[in-house]
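Fold and geometry: a report
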Amino acid sequence: MLKLVENISLDILSWYGDKLKGIIYEPNYNVILVVLEDVDKISLFARGEIYNFFYNRLRKLDEFKKFVLENHKSPRLYGIILSPKELSYNIPKLIYIIHKGYILYDPKGLISNIRKANVKIVEDYDKKILDLGKVKKGEVIEI
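Described in the following lines is the structure provided in the data block. Counting restarts for each chain, with residues numbered from 1 along the sequence as it is written. Reporting in this predicted model follows two pLDDT cut-offs: at least 70 for local features of residues, and 80 or more for side-chain atom pairs to be given and counted; totals over whole chains, interfaces and linings ignore these cut-offs and use all residues. Neither water nor hydrogens contribute to the side-chain values; these are computed over all heavy atoms in the structure.

Before going further, it helps to examine the overall build of the protein. Each helix is a run of DSSP H or I of at least 4 residues and each strand a run of E of at least 2, with the numbering of both proceeding from the N terminus. For the protein, the count of helices and strands is six helices and six strands. For the protein, the succession of helices and strands along the chain, N to C, is α-β-β-α-α-β-α-α-β-α-β-β. Each residue gets one of three labels from its accessible area relative to the maximum for its type: buried under 20%, exposed over 50%, partly exposed in between, using a 1.4 Å probe on protein chains only. Taken across its 143 residues, the protein has 34% of its residues classed as buried. Contact criterion: two residues are considered in contact whenever any of their non-hydrogen atoms come within 4.5 Å of each other. Across the protein, every contact between residues at least 6 apart in sequence was considered, and the portion connecting residues at least 24 apart equals 61%.

Below, the structure written as structure tokens:
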């Protein structure tokens, strides 16, 4: 699976160049989080089509065919495309991916800065809880 993640990440990097701001891979969910410049005005459907374009290119490679032969199924490799601005929205699932995933590409430290935020992930009885810090009574925080 890691070879497939490497291939699709390199393909996205070579395609977008400087517009690519970061890539994170989270192996528990098999999710690749791609941070691209200027996608905040593109619909979620169109972003899915962008990811499918790269996934379909991946399907033509020998590593993909080898994976299918060995596992008798296609790899479940999901992709999320976001803009740098959307990373700051503190969406819980994305916070988890950022903190538990592996940073594959982060040239300007954008993802590393978000990772430094005061967030703890507590695992309790097969459930994962995000502890976003101490909140005082009556205090309004953005999640």
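We are not done yet, so read on.
Bringing the sheet that holds strand 4 (residues 102-105) into the picture now. Across the sheet, four strands lie side by side as 3-2-1-4; this open sheet has mixed pairing. Strands with a single pairing partner mark the edges of an open sheet, and in this sheet they are strand 3 (78-82) and strand 4. With direction set aside, neighbouring strand axes in the sheet form an average angle of 20°. To get an axis, a line is fitted to the C-alpha atoms, and for a helix only the part in contact is used. The angle between two axes follows their N-to-C directions and goes from 0 to 180 degrees. The strands touched by helix 1 (residues 2-16) within the sheet are strand 1 (20-26), strand 2 (31-36) and strand 4, with strand 1 carrying the most contacts at an inclination of about 170°. Only strands that DSSP links by at least two bridges are regarded as paired with each other.

On to the pattern of salt bridges, then. For this analysis, a salt bridge means a side-chain nitrogen from Lys or Arg found within 4 Å of a carboxyl oxygen belonging to Asp or Glu. Applying the stated criterion to the full structure yields five salt bridges. Among the salt bridges present, the one from Lys21 reaches Glu37, with a minimum N-O distance of 3.1 Å. One end of the pair, Lys21, is in strand 1; the other, Glu37, is in the loop between strand 2 and helix 2 (44-58), with 16 residues separating them in the sequence. Residue Arg47 pairs with Glu86 through a salt bridge whose shortest N-O separation is 2.8 Å. Of this pair, Arg47 sits in helix 2 while Glu86 sits in helix 4 (residues 84-87), and the two are 39 residues apart along the sequence.

Another aspect to go through is the packing of helix 1 against helix 3 (residues 62-71). It is the contact of helix 1 with helix 3, at a shortest axis distance of 10 Å, that shows an interaxial angle of 150°. By the angle between their axes, helix 1 is roughly antiparallel relative to helix 3. Of the two elements, helix 1 crosses helix 3, and the hand of that crossing is left-handed. On helix 3, the residues touching Lys3, Leu4 and Asn7 of helix 1 are Glu63, Phe64 and Phe67. By the convention adopted, Pro, Cys, Tyr, Trp, Phe, Met, Ile, Leu, Val and Ala count as nonpolar, Lys, Arg, Asp and Glu as charged, and the other residues, Gly among them, as polar. Classifying every residue of the contact of helix 1 with helix 3 by side-chain character gives three nonpolar, one polar and two charged. Convention used here: angles under 35 degrees read as roughly parallel, angles over 145 as roughly antiparallel, angles from 65 to 115 as roughly perpendicular, and any remaining angle as oblique. If you view the pair so one helix is near and one far, a crossing is left-handed when the near helix is turned anticlockwise from the far one by less than a right angle, and right-handed when it is turned clockwise.

This next bit is on helix 1. Expected span, for any helix, means 1.5 Å times one less than how many residues it has. When the terminal C-alpha atoms of helix 1 are compared, their 21 Å separation across 15 residues agrees well with the 21 Å that a helix rising 1.5 Å per residue should span. By the burial criterion, the buried members of helix 1 are Leu4, Val5, Asn7, Ile8, Ser9, Asp11 and Ile12. Taken together, the buried residues of helix 1 touch strand 1, strand 2, helix 2, helix 3 and strand 4. Gly17 occupies a position one or two residues after helix 1 and carries a positive phi of about 60°.

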